[in-house]
Amino acid sequence: MEVINDFIASVLPLTEWPMFILLIGGGLFLVLYSKFIPYRYFGHAIAITAGKYDDKNAVGDVSSFQALSAAVAATVGLGNISGVAIAIHDGGPGVVFWIWMTALLGMCIKFYSCSLAIMFRGTDSDGKLQGGPMFYITKGLGPKGKPLAIFFAICGLFGFLGVFTANQFTETFMSVVEPSETLFAMDEMTWKWTVGFVLAIITSFVIFGGLTKIAKVASALVPFMVAIYLVAVIVVMVLNASQIIPALKMIITEAWNFKSLVTGGFWGLVIIGIRRAMFSNEAGLGSAPMYHGQSKTDNPIKEGLVAMLGPFIDTIMVCTFTAVVIILSGAYLEDASGIVMTLSAFETTLFGFGDDLLMLIVTAFALSTLFTYSYYGVKCLSFLTNAKIGKLYNWYFVIMIVFAAVASLELVKNLIDLSYALMVIPNMIAVLLLAPKVNAAARTYFEKLKHGNT
């Protein structure tokens with residue numbers, strides 16, 4: 001594992017400039033090129049999500065609201081709870097500011113990429129309707145785009161593994177339950193193997209189609225758990241109201257700390273912010289278009305507007321709440337990283353029971369993320385081969401859950417960071433090249449909207 005980690009860590013810096021140029025440079029270009037459409041029509045996006053403009057006759061599998069819920073359920077999770085803690089551990093409180101900036105650009109990127117997911121839908125070898133980067137790259141750019149689509153799908157085979165979730169769930173279980181003392185006397189590594197195997201078995205029951213009801217329960221549970229998490233965070237903030245403004249002030253002042261202790265100085269601080277924002281809301285990554293491509297709509301612009309709410313809910317709201325709790329509790333001064341830091345923050349601020357509550361929330365988030373991520377990976381392998389072979393991805397997915405439970409946080413984090421950075425490259429190139437088609441469709445849509453014809 002150390003050899004693999006050293007190799008990934010040596011390759012990772014090479015992806016920083018391409019990721020920065022495509023995600024931040026590309027995002028800024030799209031904001032200006034769109035003439036701020038996603039932000040100007042924020043209220044209209046909420047009305048579409050509420051079902052005000054639904055077309056009963058449109059093709060697709062799910063409503064726009066369901067697609068947004070699924071995409072948000074897949075992104076609101078451990079990325080927000082432990083991803084923010086990792087960011088603050090690696091870069092200090094100021095890194096949260098750069099997470100915000102990336103998320104605001106991410107809203108525009110999601111608008112374009114999810115509009116394209118509807119505009120260029122395709123079918124798999126089973127004849128089922130599909131959407132996502134592989135389809136808008138090949139159908140939008142034509143045969144010359146095929147290598148980009150293949151490259152994206154190959155990187156997705158690693159990026160869509162549930163390794164971070166499995167690793168952080170195991171850490172939570174070990175920290176809160178302390179199984180060696182409370183359950184059964186075994187050494188720490190044996191317990192980690194055990195947790196990994198149990199997680200893998202539960203996940204395999206669902207993703208191999210045996211227990212579809214559990215998947216339905218998990219998808220119903222996530223919005224409820226998100227609500228409980230937000231209530232817990234708001235309670236902490238109300239109890240510590242006097243410290244909220246100083247915490248936010250610290251985020252903004254530290255963001256411009258040019259003498260930063262972070263490796264790579266100020267540039268390193270910005271890069272951590274971009275990586276963790278992308279990890280949190282997945283804008284530019286190409287995963288959300290796979291969900292939104294299944295929506296029951298024939299209008300790409302409507303879907304793009306719904307999708308751009310994702311980064312706002314996920315990062316501007318949920319990540320900020322988590323960051324404020326970590327800062328006002330003083331947990332960011334400790335030497336813990338990831339979920340352990342967030343657990344400490346909640347235990348300190350919620351009468352000693354916060355870590356137990358967080359354990360329940362993390363369990364729901366972990367299971368729902370594991371169920372949904374395998375879906376992305378199956379799509380990538382199906383594109384590279386066919387729908388029948390694509391289902392074999394689930395075996396590899398389940399085996400890697402066990403591996404992740406015993407791996408270090410550093411290895412898991414580096415593997416996901418590298419995969420995500422590589423996936424951004426083909427996806428953002430396609431989104432930027434196809435942006436004029438989205439603008440043309442947007443002009444038509446907003447002209448009709450003006451005359452009440454949507």
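Model, not experiment: these values are computed from the prediction.

Student: Would you mind going over the overall build of the protein chain with me for this structure?
Tutor: Secondary structure summary: the protein chain contains 23 helices and two strands in total. Taken over 454 residues, the protein chain has a buried fraction of 59%. Relative to all contacts within the protein chain whose residues are 6 or more apart in sequence, the contacts with residues 24 or more apart total 83%. Split by element, the accessible area of the protein chain, about 18400 Å² in all, is 69% carbon and sulfur.

Student: Mind showing me how you'd approach unusual backbone geometry here?
Tutor: What you tend to see is this: most non-glycine residues have negative phi, and most peptide bonds are trans. Of note, the phi angle at Lys35 is positive, near 55°, even though the residue is not glycine. Within the element layout of this structure, Lys35 appears in the loop between helix 2 (16-33) and helix 3 (37-40). With phi around 65°, Phe36 is a residue other than glycine that occupies positive phi space. Position of Phe36 relative to the elements: it lies in the loop between helix 2 and helix 3. With relative accessibility at 42%, the residue Phe36 sits in the partly exposed group.

Student: What is the right way to read the packing of aromatic side chains from this model?
Tutor: Aromatic rings in a pair are described by how distant their centres are and how their planes are angled relative to each other. Across all of its chains, the model carries 21 aromatic pairs by this definition. Judged by centre distance (6.2 Å) and plane angle (55°), the ring pair of Tyr375 and Tyr376 falls under tilted. Among the aromatic residues, ring-to-ring pairing joins Phe97, Trp98, Trp100 and Trp256 into one connected group.

Student: Any chance you could explain the pattern of salt bridges here in plain terms?
Tutor: Here the idea is simple: oppositely charged side chains can pair when their charged atoms come close. Within the structure shown, the criterion is met by four salt bridges. For Lys192, the salt bridge identified is with Glu171, shortest N-O distance 3.4 Å. Of this pair, Lys192 sits in helix 12 (residues 188-207) while Glu171 sits in helix 10 (residues 163-176), placing them 21 residues apart in sequence. Classification of Glu171 by relative accessible area gives partly exposed; the value is 23%. Between Glu410 and Lys413 there is a salt bridge, with its nearest N and O atoms 3.7 Å apart. A residue pair is termed a helical-turn pair when its members lie 3 or 4 positions apart in one helix, as Glu410 and Lys413 do in helix 23 (residues 409-450) at three residues. When its relative accessible area of 40% is taken as the criterion, Glu410 is described as partly exposed. The buried category is assigned to Lys413, whose relative accessible area is 9%.

Student: I'm lost on the environment of His44 in this one. Help?
Tutor: Note on placement: His44 falls in helix 4 (residues 42-49). Given a relative accessible area of 11%, His44 falls into the buried group. Considered as a pair, His44 and Val306 are 262 residues apart in the sequence and their alpha carbons are 9.0 Å apart. Beyond its immediate sequence surroundings of up to four residues, His44 is in contact with Tyr53, Leu305, Tyr445 and Leu449.

Student: Got a minute to help me understand the nonpolar core in this structure?
Tutor: One broad trend across soluble globular proteins is that nonpolar side chains are buried collectively. In terms of nonpolar packing, the biggest core is built from 143 residues, with Val163 and Leu305 touching the most fellow members. In this structure Val163 touches Met400, Phe403, Ala404, Val412, Leu415 and Ile416, once residues within four positions along its chain are discounted.

Student: Please clarify how helix 2 should be interpreted in this entry.
Tutor: Spacing of three or four residues puts side chains on the same side of an α-helix, whose turn is 3.6 residues. Given a rise of 1.5 Å per residue, 18 residues ought to cover 26 Å, and the 24 Å separating the end C-alpha atoms of helix 2 matches this to within 8%. Restricting attention to buried positions, one finds in helix 2 the residues Met19, Leu22, Leu23, Ile24, Gly26, Gly27, Leu30 and Val31.

Student: Would you take a moment to explain the packing of helix 7 (residues 95-119) against helix 23 for this structure?
Tutor: How two helices sit against one another is set out by the angle between their axes and by the gap between those axes. Two elements in contact, helix 7 and helix 23, have axes whose closest approach is 9 Å; the angle formed by their N-to-C orientations is 75°. Between helix 7 and helix 23, the angle falls in the class roughly perpendicular. Contacts from Ile109, Phe111, Tyr112, Ser113, Ser115, Leu116 and Met119 in helix 7 reach Met428, Val431, Leu434, Ala435, Lys437, Val438, Asn439 and Ala441 in helix 23.

Student: For this particular structure, what's the right way to read the packing of helix 20 (residues 354-384) against helix 22 (residues 393-406)?
Tutor: Taken N-terminus to C-terminus, the directions of helix 20 and helix 22 make an angle of 135°; their axes are 9 Å apart at the nearest point. Between helix 20 and helix 22, the interaxial angle falls into the category oblique. Helix 20 and helix 22 meet at a crossing whose hand is right-handed. Here Leu370, Tyr373, Ser374, Gly377, Val378 and Leu381 of helix 20 lie close against helix 22, whose contacting residues are Tyr393, Asn394, Phe397 and Ile401. When its residues are assigned to classes, the contact of helix 20 with helix 22 shows seven nonpolar, three polar and no charged.

Student: Can you help me understand helix 22 in this one?
Tutor: Taking 1.5 Å of rise per residue, 14 residues should cover 20 Å, and helix 22 covers 21 Å from first to last C-alpha, within 8% of that figure. Of all the 14 residues making up helix 22, 11 are buried; the element is thus mostly covered by neighbouring parts of the structure. For helix 22, the complete set of buried residues consists of Tyr393, Asn394, Phe397, Val398, Met400, Ile401, Val402, Phe403, Ala404, Ala405 and Val406. Each element contacted by the buried residues of helix 22 is listed here: helix 9 (146-159), helix 10, helix 12, helix 20, helix 21 (387-390) and helix 23.

Criteria and cut-off values
- Residues numbered from 1 in each chain as written.
- Predicted model: local features only at pLDDT ≥ 70, side-chain atom pairs only at ≥ 80, totals over all residues.
- Heavy atoms only, no water.
- Helix = DSSP H or I, 4+ residues; strand = E, 2+ residues; numbered from the N terminus.
- Buried < 20%, exposed > 50% of the residue type's maximum accessible area, 1.4 Å probe, protein only.
- Contact = heavy atoms within 4.5 Å.
- Areas by Shrake-Rupley, 256 points an atom, 1.4 Å probe, with all protein chains shown as cover.
- Phe/Tyr/Trp six-rings, centres within 6.5 Å; stacked < 30°, edge-to-face > 60°.
- Salt bridge = Lys/Arg side-chain N within 4 Å of Asp/Glu carboxyl O.
- Core = buried A, V, L, I, M, F, W, Y, C linked by side-chain atoms within 4.5 Å.
- Expected span 1.5 Å × (residues − 1).
- Axes fitted to C-alpha atoms, helices over the stretch in contact; angles between N-to-C directions.
- Parallel < 35°, antiparallel > 145°, perpendicular 65-115°, else oblique.
- Left-handed = near helix turned anticlockwise from the far one by under 90°.
- Nonpolar A, V, L, I, M, F, W, Y, C, P; charged D, E, K, R; others polar.

Interpretation note: all reported values are geometric properties and have no functional meaning in isolation.
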